[in-house]
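Single-letter residue listing:
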Amino acid sequence: MRIGFRFLIKTIALPLAVILCFAASAAGPVIAPGEYLDRIFAGAVPESETVWMSGETKAIATKILGHKPDFLRLRYWRKDAMTVWVIDEIGKTEPITFGLVIEDDVIKSAEVLAFRESRGWEIQHEFFLNQFQGIALDSDRNLDRPIDGISGATLSVRAITRVSRLVLYLSQTLSS
Amino acid sequence: MNAAARTRLLHAIHRRMGVCSALFVILLAVTGALLQHSSTLGVDNDFVSPGFAKVWYGIVAPEAGPNYAINGNLITSIGDALYCNGERLPGRFTEPRGGVAFAHGLAIATASTILLLTPEGEIIETLTVASGLPENIERIGTTPDGSIYLQASNAIVEVDLDAASFVTAEQPEAPISWSSASPIDGVLESTIKEDYAGTLISWERLILDIHTGRLLGTFGVVLVDLMAALFLLLALTGVWSWSRRRGR
């Protein structure tokens, strides 16, 4: 079989060009936490409250995160049975800011407010974040449903998974 | 030149290109594999020595910035780092504007954050605009009764660090004692500079610069580009040569 120029273009150059077009990193827009809270609470943002990481809470948080928490006190906003959390977690080297809404110990919504890594930005898309809706913790403090990862965004996916577990756990401690 | 001679010439060129590029193929394969698994190998959190960073990158640690003494604790800034009593705090920070003691420990203000620390230097919380903190903090201070104030964009702001409440206020009757920088001990400064210099260039960054040729500057980049062109030619001549043999 002779391989000509046209064959090389069709089988190698064109697909490569298409892949390269999509390969460029594209961090999404930053959502200011104040703007996020305003949207969630429809402008009537309540006073914030705090939960301290100490004793057993800190030990469990360390186990969930896989490292000592970078904070001893985490702030949240509460209205009725709903709590809203804004929390940072490192993906690979940079912090990602997440916003999570918990209601009755179940995630109502999860958003990425700021993404600072050079790759893994795909977790900002709705198709990925929608997986977290309705998720709760099981008895081992893992998410009660598996999350489909995204190739090339493993560390970012793990970051939001850890944060979801932590926030669900803290929400449970508040309820109890 | 007839077809057979052209084919022999092509084979000869292909072989010579292969030999020339073999070393670069090995280098790129090894560095590429290391970069692929940089997190697992831990090279992204391991750093080259300050001496190496100075020689190959011309990077040296900057001078230590403002130093604040708060209740017997020393907060020192250098580059994008903050040190509490000589221990680096996790995270990146802009230059501090001052620090005060509060109920749970220390409060360090930068232009856009307030970092709350325990007396042992553990981070309690980082207050930002998300918590309602005003922007453009210029300084932080206290009154004799322990109330904490900020000056931000020329306004005086009364602060409750537990409730994260920031209320524009009139100048209080009691004078505000604003936090001010104090001289840094030479030994502490040297220790901090050496520690900071040891975190400037990660092994991952070095491997990436070898992989891309950037370690040798423009020359290295051009060399890698030439090798890339060579690899492309190798692939094309190899496939063409194979197709001609298949065609017979």
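Residues numbered from 1 in each chain as written. Chains lettered and ligands numbered in written order. Predicted model: local features only at pLDDT ≥ 70, side-chain atom pairs only at ≥ 80, totals over all residues. Heavy atoms only, no water.

Participant: What is the right way to look at the overall build of chain B in this model?
Facilitator: Along chain B, the regular secondary structure elements total six helices and 13 strands. Whereas a compact globule of 248 residues would reach a radius of gyration of roughly 18 Å, chain B reaches 29 Å, over 25% beyond that. Across the 248 residues of chain B, 38% fall into the buried class. For chain B, restricting intrachain contacts to residue pairs at least 6 apart in sequence, the fraction spanning at least 24 positions comes to 52%. As displayed, chain B offers around 13,400 Å² of accessible surface, 58% of which is attributable to carbon and sulfur atoms. A gap of 38 Å separates the mean positions of the 16 positive and 24 negative side-chain charges of chain B. (Helix = DSSP H or I, 4+ residues; strand = E, 2+ residues; numbered from the N terminus. Rg over C-alpha atoms; globule rule 2.2 N^0.38 Å. Buried < 20%, exposed > 50% of the residue type's maximum accessible area, 1.4 Å probe, protein only. Contact = heavy atoms within 4.5 Å. Areas by Shrake-Rupley, 256 points an atom, 1.4 Å probe, with all protein chains shown as cover. Lys, Arg positive; Asp, Glu negative; His and termini not counted. Charge placed at Lys NZ, Arg CZ, Asp CG, Glu CD.)

Participant: Sorry, what's going on with a nonpolar patch on the surface here?
Facilitator: Among the surface-exposed residues, Val55, Trp56, Leu216 and Phe219 of chain B lie close enough to one another that they form a single nonpolar patch of about 470 Å² accessible area. As for its placement among the helices and strands, tryptophan 56 of chain B is situated in helix α3 (residues 50-57). (Patch = residues over 30% accessible without salt bridge, like charges linked within 9 Å, V, L, I, M, F, W, Y side chains within 5 Å. Salt bridge = Lys/Arg side-chain N within 4 Å of Asp/Glu carboxyl O.)

Participant: What's the story with the interface of chain A and chain B in this structure? I'm lost.
Facilitator: One widely used convention gives an interface's size as the accessible area the parts lose upon coming together. Contacts between chain A and chain B engage 20 residues on the former and 26 residues on the latter. Buried area between chain A and chain B, summed over both chains or domains, comes out near 1,900 Å², and the portion from carbon and sulfur atoms is 49%. A salt bridge links arginine 73 of chain A to aspartate 162 of chain B, with the shortest nitrogen-to-oxygen separation between them at 2.7 Å. If you look at where chain A meets chain B, you find 14 residue pairs in polar contact (both at pLDDT 80 or more). Of all the elements in the fold, those that place two or more residues in the side of chain A that touches chain B are α2 (33-40), β1 (48-52) and β2 (73-79) of chain A. (Buried area = accessible area lost by both parts, 1.4 Å probe. Polar contact = N/O pair within 3.5 Å; in protein donor to acceptor, adjacent residues only side chain to side chain.)

Participant: Honestly, the environment of alanine 64 of chain B in this entry has me stumped. Any pointers?
Facilitator: Residue and element names in this part refer to chain B. Position of alanine 64 relative to the elements: it lies in the loop between α3 and β1 (67-70). The exposure class assigned to alanine 64 is buried, which follows from its relative accessible area of 17%. As for alanine 64 and alanine 169, which are separated by 105 residues in sequence, their C-alpha atoms are 34 Å apart. Ignoring anything within four residues of it in the chain, the contact list for alanine 64 reads Thr76, Ser77, Ile78, Ile184 and Glu189.

Participant: What's the story with the nonpolar core in this structure? I'm lost.
Facilitator: For soluble globular proteins, nonpolar side chains are generally found buried alongside one another. By size, the foremost hydrophobic cluster in this structure holds 39 residues, and its most contacted members are Ile87, Phe98, Ile123 and Phe128 of chain A. Elements represented by at least two residues in this core include exactly α3 (55-65), β2, β3 (82-90), β4 (95-103), β5 (106-114), α4 (126-129) and α5 (154-175) of chain A. The leading source of residues in this core is α5 of chain A, at nine residues. Discounting chain neighbours no more than four positions away, the residues touching isoleucine 123 of chain A are Ile96, Phe98, Val112, Phe115, Phe128, Leu129, Ile150, Ala153, Ser156 and Val157 of chain A. Among the nonpolar cores identified, the runner-up in size contains 20 residues, and Ala107, Leu116, Ile137 and Ile148 of chain B belong to it. (Core = buried A, V, L, I, M, F, W, Y, C linked by side-chain atoms within 4.5 Å.)

Participant: What is the right way to look at the pattern of salt bridges in this model?
Facilitator: Side-chain pairs of opposite charge can arise where the charged atoms are in close proximity. In this structure the tally under the stated criterion is 16 salt bridges over all chains. The residue lysine 193 of chain B makes a salt bridge to glutamate 63 of chain B at a minimum N-O spacing of 2.9 Å. Taken together, the positions of lysine 193 of chain B in helix α4 (residues 186-197) and glutamate 63 of chain B in the loop between α3 and β1 put the pair 130 residues apart, joining distant regions of the chain. Put simply, aspartate 80 of chain B and arginine 92 of chain B hold a salt bridge, and the shortest N to O gap is 3.6 Å. Remark: arginine 92 of chain B occurs in the loop between β4 (87-88) and β5 (98-102) and aspartate 80 of chain B occurs in the loop between β2 (73-78) and β3 (81-84); sequence separation between them is 12 residues. Three or more residues joined by partner-sharing salt bridges are found here, namely Arg73 and Arg75 of chain A together with Glu125 and Asp162 of chain B.

Participant: Explain the sheet that holds β5 of chain A here, please?
Facilitator: Backbone-to-backbone hydrogen bonds pair the strands of a sheet. The strands run either parallel or antiparallel. Residue and element names in this part refer to chain A. Read across the sheet, five strands follow the order β1-β2-β3-β4-β5 without closing on themselves; strand pairing throughout is antiparallel. The strands lining the two open edges of the sheet, one partner per strand, are β1 and β5. Each strand of the sheet is rotated relative to its neighbour by a mean of 30 degrees, with strand direction disregarded. The pairing of β2 with β3 spans four bridges and is antiparallel. Bridge pairing links arginine 78 to threonine 83 in β3. Docked against the sheet, α2 engages β2, β3, β4 and β5, running at close to 155 degrees with respect to β3. (Pairing = 2+ DSSP bridges. Axes fitted to C-alpha atoms, helices over the stretch in contact; angles between N-to-C directions.)

Participant: So what exactly am I meant to see when it comes to the sheet that holds β4 of chain B here?
Facilitator: All names here are of chain B. In space, the four strands of this open sheet follow the order β1-β2-β3-β4, with antiparallel pairing throughout. Because the sheet does not close on itself, it has two edges, and the strands there are β1 and β4. The strands that α4 touches are β2, β3 and β4; relative to β2, the one it contacts most, it runs at about 45 degrees.

Participant: What exactly am I supposed to notice about the packing of α3 of chain A against α5 of chain A here?
Facilitator: When two helices pack together, you describe them by how their axes are tilted relative to each other and by the distance separating the axes. Residues and elements named next belong to chain A. Their axes nearest at 9 Å, the elements α3 and α5 cross at an angle of 160 degrees. Classified by the angle between their axes, α3 and α5 sit roughly antiparallel to one another. Judged by the twist between their axes, the crossing of α3 over α5 is right-handed. Within the contact between the two elements, α3 uses Glu56, Thr57, Ile60, Ala61, Ile64 and Leu65 and α5 uses Arg162, Arg165, Leu166, Tyr169 and Leu170. Along the lines of polarity and charge, the residues of the contact of α3 with α5 split into seven nonpolar, one polar and three charged. (Parallel < 35°, antiparallel > 145°, perpendicular 65-115°, else oblique. Left-handed = near helix turned anticlockwise from the far one by under 90°. Nonpolar A, V, L, I, M, F, W, Y, C, P; charged D, E, K, R; others polar.)

Participant: Would you mind showing me how to read helix α5 (residues 203-212) of chain B here?
Facilitator: Each full turn of the α-helix corresponds to 3.6 residues, which orients residues three or four apart in the same direction. Residues and elements named next belong to chain B. Of all the residues in α5, the buried ones are Glu204, Leu206, Ile207 and Asp209. Where α5 is buried, its residues touch α1 (3-36), α2 (38-41) and α3. One or two residues past the end of α5 sits glycine 213, with phi positive at roughly 85 degrees.

Participant: Can you walk me through the packing of aromatic side chains in this structure?
Facilitator: Two aromatic rings are characterised by how far apart their centres lie and by the angle between their planes. Counting across every chain of the model gives three aromatic pairs over all chains. Aromatic side chains phenylalanine 128 of chain A and phenylalanine 132 of chain A sit 5.6 Å apart centroid to centroid with 70 degrees between the ring planes, which places their arrangement in the edge-to-face category. Summarising the burial analysis for this pair, phenylalanine 128 of chain A and phenylalanine 132 of chain A share the class buried. Here the aromatic rings of phenylalanine 52 of chain B and tryptophan 56 of chain B are separated by 6.0 Å at their centres, their planes lie at 25 degrees, and the arrangement is stacked. Residue phenylalanine 52 of chain B and its partner tryptophan 56 of chain B are both found in helix α3; the two are separated by four residues, about one turn of the helix. (Phe/Tyr/Trp six-rings, centres within 6.5 Å; stacked < 30°, edge-to-face > 60°.)

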